[in-house]
Amino acid sequence: MKTAYDVILAPVLSEKAYAGFAEGKYTFWVHPKATKTEIKNAVEAAFKVKVVGVNTMNVRGKKKRLGRYLGKRPDRKKAIVQVAPGQKIEALEGLI
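Residues numbered from 1 in each chain as written. Predicted model: local features only at pLDDT ≥ 70, side-chain atom pairs only at ≥ 80, totals over all residues. Heavy atoms only, no water.

Digging into the overall build of the protein
As a reminder of what qualifies: Helix numbering and strand numbering both begin at the N terminus, where a helix is a DSSP run of H or I of at least 4 residues and a strand a DSSP run of E of at least 2. Burial classification: accessible surface area is computed with a 1.4 Å probe over protein chains only, and a residue below 20% of its type maximum counts as buried, one above 50% as exposed, and the rest as partly exposed. Should any heavy atoms of two residues lie within 4.5 Å, those residues are counted as being in contact.
In terms of regular secondary structure, the protein is built from four helices and six strands. From first element to last, N terminus to C terminus, the protein shows the α and β order α-β-α-β-α-β-β-β-β-α. Taken along its principal axes, the extent of the C-alpha atoms in the protein is 50 × 30 × 20 Å. Of all 96 residues assigned to the protein, the portion counted as buried reaches 29%. Taking the contacts inside the protein whose residues are at least 6 apart along the sequence as the reference set, 59% of them involve residues at least 24 apart.

See the structure below:
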């Protein structure tokens, strides 16, 4: 991975992700081959916070169809990042 922005693709914008903000947990879509260490370093570099823990999960793409044509959305990787107590990511707090 090159930069923090190559690792972090986008924040996850859902009610469940917003609920984690109160506990200091932020959810991001990340590069599928990114490791937990790379994700931790990328979040610390991009948002200037101290990361305490990183949990990752691979999310399978849903099967979709349009008429008789069958397709599949791409597989993605999601990371839930826990920041140190008392710290916040201000850029994401404004999305609520």
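Side note on the nonpolar core
One recurring pattern in soluble globular proteins is that nonpolar side chains are buried together. Note the threshold: Side-chain atoms within 4.5 Å are what join buried Ala, Val, Leu, Ile, Met, Phe, Trp, Tyr and Cys residues into a set we call a nonpolar core.
Counting 19 residues, the largest nonpolar core has Tyr26, Phe28, Ile39, Val43, Val81, Ile89 and Leu92 as the members making the most contacts within it. When contributions to this core are tallied by element, the ones reaching two or more residues are helix H1 (4-7), strand E2 (25-30), helix H3 (36-47), strand E3 (51-59) and strand E6 (76-83). Leaving out residues up to four positions away in the same chain, isoleucine 39 has contacts with Val7, Val30, Ala34, Val54, Thr56, Ala79 and Val81.

As for H3
An α-helical segment advances 3.6 residues per turn. Residues three or four places apart therefore align on the same side. Counted only if it meets this: Under the convention used throughout, the expected extent of a helix is 1.5 Å for every residue step, that is, one less than its residue count. The arc in question is the one traced by the directions running from the helix axis out to the C-beta atoms.
Between its first and last C-alpha atoms H3 spans 16 Å; for 12 residues at 1.5 Å apiece the expected length is 16 Å, and the two agree. Within H3, the full set of buried residues consists of Ile39, Ala42 and Val43. Taken end-on, H3 shows its buried residues confined to a sector of 95°, consistent with a single buried face. On the buried face of H3, the contacting elements are H1, strand E1 (8-11), E2, E3 and E6. Looking one or two residues past H3, lysine 48 carries a phi angle of roughly 55°, positive in sign.

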